[in-house]
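Chains, contacts and geometry: an overview
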Amino acid sequence: MASASNDQELLPEQTEGFKVGEKKTMDEYNKLDADDEAMQRYKQSLGLGGAGKDLSDPNDPRHCIILSLTMDSEGRPPVTIDLAEKGSEKTLKEKPFKIKEGVKFSMTAKFKVQHEILSGLHYVQIVKRKGIRVSKDQEMIGSYAPNTDQTPVYSKRFAEEDAPSGMLARGHYTAISTFVDDDKKRHLEFEWAFDIAKDW
């Protein structure tokens, strides 16, 4: 996993002046502005106090469970990194996948939230080649209420990216990815690898 020197690097950049709000329980959120009909509709749109059975597993203390990360690109079937099983991320570094140089691609994360509201989930990725950092990317995923039987899984598609191209860009890359929230709690961190090649 990440060394102590990478710890700060794997946190999302903070917006100047932004202050994380006070943490509240689901019950506190449900009682907040209980007499305001517009606020109640808004909270239901966020999955608070709405219909549906809470799917939180009382035997699983995890707050956010990352199920998968999928890369979509024209010219090939989607490539999915299955992260649903505990420990499944430990072998990803030894199994690099191939990305064709210059292609446009996007990533999609699927995840579950349980027990309490997840505030400000981010995806942060550091990419290195031959031990030298070549990029740091981050994507705001958002805030979510615990999943219900009406919304059993959340999915977030990230902005489209361009793979590097040219002879110098081809080769083996390693990456460290983390899913971290506004409280700086890391829900999953894993290392993986990919190769930029002339063709699929």
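Residues numbered from 1 in each chain as written. Predicted model: local features only at pLDDT ≥ 70, side-chain atom pairs only at ≥ 80, totals over all residues. Heavy atoms only, no water.

With respect to the pairing of strand β2 (residues 79-82)
Of the two faces of β2, only the one carrying V79 and I81 is buried; T80 and D82 on the other face are not. Where strand β1 (residues 64-73) lies against β2, 4 bridges are found, and the strand directions are antiparallel. When the bridges of β2 are listed, L69 appears paired with I81. (Buried < 20%, exposed > 50% of the residue type's maximum accessible area, 1.4 Å probe, protein only. Helix = DSSP H or I, 4+ residues; strand = E, 2+ residues; numbered from the N terminus. Pairing = 2+ DSSP bridges.)

Structural notes on the sheet that holds strand β5 (residues 118-129)
Strand order in this open sheet of 5 strands is β3-β10-β9-β5-β6, and the pairing throughout is mixed. The open sheet has two edge strands, β3 (97-100) and β6 (132-144), and neither has a second partner. Between one strand and the next, the sheet's axes are offset by a mean angle of 25°, whatever the strand orientation. Examined bridge by bridge, β5 and β6 share 10 bridges and lie antiparallel to one another. (Axes fitted to C-alpha atoms, helices over the stretch in contact; angles between N-to-C directions.)

Description of the side chain of T178
Considering the arrangement of structural elements, one finds T178 in strand β9 (residues 171-180). A polar atom in the side chain of T178 sits 3.3 Å from the backbone oxygen of L188. (Polar contact = N/O pair within 3.5 Å; in protein donor to acceptor, adjacent residues only side chain to side chain.)

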